[in-house]
Amino acid sequence: MLARLEGEDALSVSELARPFKMSLPAVMKHLDVLSDAGLIEKTKTGRTVTCEINAAPMEEAMQWLIRYQRFWSGALDRLAAFLEEDECPPTPTSKIIQLPRRDRASPSKSGSGRRPPASTPPGRTPRK
């Protein structure tokens, strides 16, 4: 709807609603939201309601986005430069550390045997 209003001075609600496959009340609800946001101005002449775009709030939003785009672009450029630096190249003499395998028993458990059986089998105790 905003794109249609961008190229026109003002359009009636029925002209705005024409290309959309929605009811006129649904279009009116959309226009109410845009009006509450200050993005359009509605004027009523007789029974005809016309809508006109108000670009000022969008310009404020664009300024805000541009400021954060500069911030994030600079931060991401610095991160890319940092990651591309080759300060710590791998050395051929570095040791390879082997982690213990899971299928081997740990030294603390190697001497232990089976647990003694519990006094009663697991599960529900039968009544006498």
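Residues numbered from 1 in each chain as written. Predicted model: local features only at pLDDT ≥ 70, side-chain atom pairs only at ≥ 80, totals over all residues. Heavy atoms only, no water.

(A) Molecular detail of the pairing of strand 3 (residues 48-53). Here strand 1 (residues 11-12) runs beside strand 3; their pairing, made up of 2 bridges, is antiparallel. Its bridge partner being in strand 3, serine 12 is matched across the sheet by threonine 50. Sheet topology note: the strand 2 (residues 40-45)/strand 3 ladder contains 6 bridges and is antiparallel. Each bridged residue has a counterpart across the sheet, and for lysine 42 the counterpart in strand 3 is cysteine 51. The turn linking strand 2 back onto strand 3 is made up of 2 residues, and glycine 46 within it adopts a positive phi angle of 65°. (Pairing = 2+ DSSP bridges. Helix = DSSP H or I, 4+ residues; strand = E, 2+ residues; numbered from the N terminus.)

(B) Fine view of helix 3 (residues 24-36). Compared with the 18 Å implied by 1.5 Å per residue over 13 residues, the 18 Å span of helix 3 between its first and last C-alpha is a close match. Taken together, the buried positions of helix 3 are Val27, Leu31 and Leu34. Along the axis of helix 3, the buried positions cluster into a sector of 55°, meaning they face one direction only. Exposed residues pointing more than 90 degrees away from the buried face of helix 3 are listed as Pro25, Lys29, Val33 and Asp36. On the buried face of helix 3, the contacting elements are helix 1 (2-6), helix 2 (13-17), strand 2 and strand 3. (Expected span 1.5 Å × (residues − 1). Buried < 20%, exposed > 50% of the residue type's maximum accessible area, 1.4 Å probe, protein only. Arc of directions from axis to C-beta. Contact = heavy atoms within 4.5 Å.)

(C) Summary view of the side chain of serine 12. Relative to the helices and strands, serine 12 resides in strand 1. Side chain to side chain, serine 12 and serine 14 meet in a polar contact 3.2 Å long. (Polar contact = N/O pair within 3.5 Å; in protein donor to acceptor, adjacent residues only side chain to side chain.)

(D) Expanded view of the sheet that holds strand 2. The strand order 1-3-2 describes an open sheet built from 3 strands, whose pairing is antiparallel. The open sheet terminates on both sides in strands that have one partner only, identified here as strand 1 and strand 2. Its contacts with the sheet put helix 3 on strand 2 and strand 3, and the angle it makes with strand 2 is roughly 120°. (Axes fitted to C-alpha atoms, helices over the stretch in contact; angles between N-to-C directions.)

(E) Broad picture of the pattern of salt bridges. Overall, the coordinates contain 1 salt bridge when judged by the stated rule. Notably, a salt bridge pairs lysine 42 with aspartate 32, separated by 2.5 Å at the nearest N-O pair. Within this pair, whereas lysine 42 is found in strand 2, its partner aspartate 32 is found in helix 3, the two being separated by 10 residues in sequence. (Salt bridge = Lys/Arg side-chain N within 4 Å of Asp/Glu carboxyl O.)

(F) Examining the environment of aspartate 32 more closely. Residue aspartate 32 is classed as partly exposed on the basis of its relative accessible area of 34%. Sequence spacing of aspartate 32 and lysine 42 is 10 residues, and the spatial spacing of their C-alpha atoms is 9.0 Å.

(G) Just the nonpolar core, in detail. Counting 12 residues, the largest nonpolar core is built from Met1, Leu5, Leu11, Val13, Leu16, Ala17, Val27, Leu31, Leu34, Leu39, Ile40 and Cys51. Where this core is concerned, the elements lending two or more residues are helix 2 and helix 3. Excluding residues within four positions of it along the chain, leucine 31 makes contact with Met1, Val13, Leu16, Ile40 and Cys51. (Core = buried A, V, L, I, M, F, W, Y, C linked by side-chain atoms within 4.5 Å.)

(H) Molecular detail of the environment of glycine 7. Topologically, glycine 7 is positioned in the loop between helix 1 and strand 1. When its relative accessible area of 67% is taken as the criterion, glycine 7 is described as exposed. Taking the C-alpha atoms as reference, glycine 7 lies 9.4 Å from isoleucine 53; in sequence the two are 46 residues apart.

(I) Local environment of a negative patch on the surface. Taken together, the side chains of Glu8, Asp9, Glu15, Glu41 and Glu52 present a region of like negative charge at the surface. Checked against the element boundaries, glutamate 41 lands in strand 2. For glutamate 41, a relative accessible area of 44% puts it in the partly exposed group. (Patch = residues over 30% accessible without salt bridge, like charges linked within 9 Å, V, L, I, M, F, W, Y side chains within 5 Å. Areas by Shrake-Rupley, 256 points an atom, 1.4 Å probe, with all protein chains shown as cover. Lys, Arg positive; Asp, Glu negative; His and termini not counted. Charge placed at Lys NZ, Arg CZ, Asp CG, Glu CD.)

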